Number of protein chains: 2
Amino acid sequence: MTTINRQVLLASRPEGEPTVENFRLVETPVPALTEGQVLVRNHFLSLDPYMRGRMNEGKSYAAPQPLDEVMIGGTVGEVIESRNDHFKVGDKVVGMGGWQEYVVVNATQRGVLQKVDTTHVPLSAYLGAVGMPGVTAWYGLVKIINPKAGETVVVSAASGAVGGAVGQLAKVRGCRVVGIAGGPQKCAQVVEELGFDACIDYKAHADVKSLSKALKDAAPNGVDGYFENVGGMILDAVMLRANAFSRIALCGMIAGYNGEPIPMSYPQLLLTNRMKLEGFIVSEHMEVWPEALKELGTLVATGQFKYRETLAQGIASAPEAFLGLLKGKNFGKQLVKLV
Amino acid sequence: MTTINRQVLLASRPEGEPTVENFRLVETPVPALTEGQVLVRNHFLSLDPYMRGRMNEGKSYAAPQPLDEVMIGGTVGEVIESRNDHFKVGDKVVGMGGWQEYVVVNATQRGVLQKVDTTHVPLSAYLGAVGMPGVTAWYGLVKIINPKAGETVVVSAASGAVGGAVGQLAKVRGCRVVGIAGGPQKCAQVVEELGFDACIDYKAHADVKSLSKALKDAAPNGVDGYFENVGGMILDAVMLRANAFSRIALCGMIAGYNGEPIPMSYPQLLLTNRMKLEGFIVSEHMEVWPEALKELGTLVATGQFKYRETLAQGIASAPEAFLGLLKGKNFGKQLVKLV
């Protein structure tokens, strides 16, 4: 009996804002395994802002997503067939399975597929709090911002998978933590569920002056560390409140992902405040993953770490869910549930 | 006999571009020394871009220059009277003597006045290559850019005291060095005298695209380190040629010193190229001065290090010379010769 795999391909490159027409759903038979291969049934697909960059042809830190191929993406799932001694049927695994229901993995190469333990950590968390987003938060906060207890840390996209982790990791380190998020519901969740000290609804502020004023109230001692996911006006507003020797970890600039200009209005503040700014991509810092995952895994397993997931149902819903993510419609980690 | 000291005070704060009317020349009798004091005849006054910032009232990294007081500034000179055991008449000294012909120094505090050796290094060089500008270049290049042999380092205001030092220190470290300066004469000097591999005349380029193209030719392997003195369009153009993991040492942004907006057009490049950017002020890094001055002093004493000085004559010429410096009229270190 042939198993049919439903896959989402990149059909065309977006001009500006992507649409569902940029994607195409296809059905392909799952091929028979050869020696060393493993067949994984994907349970969850992770949707992440970085995927928008891959849809472009232009120069970026990673190769563009090829047209007419399965969209890349992180997945967790279960081994349902194996011709590899290191994996047996029933193993729970995390990997880069892509936007599809099944994936055949050449598991002979070390690291392409990782077994995970779901005794204390739910499977889906390996795509969020105890996965790439969690480690991204950890790297930017610990290795770039490196906050001291008592300092103030601000994070944008605070209700997202990365932002929520940044704030909670900063709280563990004794910081005052201020989030920036879109809408009163997200802000309430960030404060009440995630335990941030304050959260500013950027949608309630029409210009940089107003947003910066709100930040002054929420961060009366100024900003010592800023974890940036957004860019544009939000970055400007935070920079106006930056303290001397403050640090910016530049993780994302979603405000410019569709090609909008997002100039930094006051770069002279980087000089007058002797600031440090660093852009990073977590996949280039594999050396920190074990340490980061240990802290994140412990926090999740002991219930000290809160996170939300927004689930889309079925692979066909992935494009729509991805477009929603780019517009900030999700709460916490955006996943597609595939079983 | 009373000695008359001619001094330049800050008379008013500039609105935008400063003028000579912002300064006032006065004559004051030199007071008699009290115990511990030293009277110095200033031989050279250093004029530096940072002074423009001090003329403003606004928040910056340093307190504003008070109105109706002697303008601050680095000086070298000779002790002509002493009531301090550590200094004797004839000692050559460097300090912050200000825009005036004589200065009375309370030399009991360590570090306010430093004796210097003029056997191998000319006195004026302690205000330039073997002084604050030299150490500024050294700090930004060595501690922030930290270039490897074979990398490409770019520096703006390349014919200035700081820029010229950056390039020569980078050449010593085996880098390809590209300067950016204003006008064909400065560019020729930067290449022929200072030994840069190339120099781009930014005045020959009307827009960022043209300047960036010229930089592509001069730095065919891209830019690994950038020492920034200017900001604005020049920063944009260099960022368009920045390599992955490149570093920017942010030392000055003279393009914005009169309050002009100088937005950074493409901050997303900091992310896609995983760049590091750091603003700094050399006076906050006194720990590096001995090491930096040792290298700079040796290079000057052995004739391996080239620098030019532009001399204005007499204290009354200081305001005009300072305005010229802000417009880039000087070649190399701008000094006022006072004897």
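What counts as what
- Residues numbered from 1 in each chain as written.
- Chains lettered and ligands numbered in written order.
- Predicted model: local features only at pLDDT ≥ 70, side-chain atom pairs only at ≥ 80, totals over all residues.
- Heavy atoms only, no water.
- Domains from an automatic or database assignment.
- Buried area = accessible area lost by both parts, 1.4 Å probe.
- Salt bridge = Lys/Arg side-chain N within 4 Å of Asp/Glu carboxyl O.
- Polar contact = N/O pair within 3.5 Å; in protein donor to acceptor, adjacent residues only side chain to side chain.
- Nonpolar A, V, L, I, M, F, W, Y, C, P; charged D, E, K, R; others polar.
- Core = buried A, V, L, I, M, F, W, Y, C linked by side-chain atoms within 4.5 Å.
- Buried < 20%, exposed > 50% of the residue type's maximum accessible area, 1.4 Å probe, protein only.
- Contact = heavy atoms within 4.5 Å.
- Helix = DSSP H or I, 4+ residues; strand = E, 2+ residues; numbered from the N terminus.
- Expected span 1.5 Å × (residues − 1).
- Arc of directions from axis to C-beta.
- Least-squares fit on C-alpha atoms with pLDDT ≥ 70 in both.
- Lys, Arg positive; Asp, Glu negative; His and termini not counted.
- Pairing = 2+ DSSP bridges.
- Axes fitted to C-alpha atoms, helices over the stretch in contact; angles between N-to-C directions.

Observations concerning the domain arrangement of chain A
Residues and elements named next belong to chain A. Each assigned domain of chain A is listed with its residue range as follows: domain 1 (4–127 + 307–337) and domain 2 (132–283). Between domain 1 and domain 2, the C-alpha centre-to-centre distance is 28 Å. Summed over both partners, the interface of domain 1 with domain 2 buries about 1,300 Å², with 58% contributed by carbon and sulfur atoms. Taken together, the connections running from domain 1 to domain 2 amount to 1 salt bridge. In this assembly, domain 1 and domain 2 are joined by 5 residue pairs in polar contact (both at pLDDT 80 or more). When grouped by side-chain class, the residues that make up the side of domain 1 that touches domain 2 number 8 nonpolar, 5 polar and 6 charged.

Some thoughts on the nonpolar core
Residues Leu270 of chain A together with Leu270 of chain B are the most contacted members of the largest nonpolar core, which totals 62 residues. Setting aside chain neighbours within four positions, we find Leu270 of chain A in contact with Met239, Met264, Met275 and Leu277 of chain A together with Leu250, Met264, Leu277 and Gly279 of chain B.

Concerning helix 8 (residues 289–301) of chain B
Residues and elements named next belong to chain B. Spanning 13 residues, helix 8 covers 17 Å between terminal C-alpha atoms, matching the ideal 18 Å at 1.5 Å per step. Taken together, the buried positions of helix 8 are Trp289, Ala292, Leu296, Gly297, Leu299 and Val300. On an axial view of helix 8, the arc spanned by its buried residues comes to 165 degrees, and they lie on one face. Among the exposed residues of helix 8, those pointing more than 90 degrees away from its buried face are Pro290 and Lys294. The inward-facing, buried residues of helix 8 contact helix 2 (132–145) and helix 3 (161–172). Just beyond helix 8, the residue with positive phi is Gly303, at close to 75 degrees.

With respect to the relation of the copies chain A and chain B
Expressed as a screw transformation, the operator carrying chain A onto chain B has a rotation angle of 180 degrees and an axial translation of 0.0 Å, and the superposed copies differ by an RMSD of 0.0 Å. The transformation just described matches what one would write down for a two-fold rotation axis.

Here's the deal with the side chain of Asp224 of chain A
Residues and elements named next belong to chain A. Within the secondary structure, Asp224 sits in strand 11 (residues 223–228). At 5.2 Å, Arg247 is the nearest oppositely charged side chain to Asp224, a buried residue that forms no salt bridge. A polar contact of 2.8 Å, which involves the side chain of Asp224, links it to the backbone nitrogen of Thr152. A distance of 2.9 Å separates the side chain of Asp224 from the side chain of Asn243, its partner in a polar contact.

Digging into the sheet that holds strand 11 (residues 223–228) of chain B
The sheet built from 12 strands is open, its strands ordered 10(A)-9(A)-8(A)-11(A)-12(A)-13(A)-13(B)-12(B)-11(B)-8(B)-9(B)-10(B) with mixed pairing. On the outer flanks of this sheet lie strand 10 (198–201) of chain A together with strand 10 (198–201) of chain B, each paired with one strand and no other. Here the strands of the sheet are splayed against their neighbours by 15 degrees on average, with no regard to which way each runs. Here strand 12 (residues 242–250) of chain B runs beside strand 13 (residues 276–279) of chain B; their pairing, made up of 4 bridges, is parallel. Residue Leu250 of chain B lies in a different strand from strand 13 of chain B, and its bridge partner there is Gly279 of chain B. Contacts from helix 2 of chain B reach strand 8 (152–156), strand 11, strand 12 and strand 13 of chain B, with the element oriented near 145 degrees to strand 11 of chain B.

Topic: unusual backbone geometry
Here the phi dihedral of Asn146 of chain A falls at roughly 45 degrees; this positive angle occurs in a residue that is not glycine. Looking at the element boundaries, Asn146 of chain A is found in the loop between helix 2 (132–145) and strand 8 (152–156).

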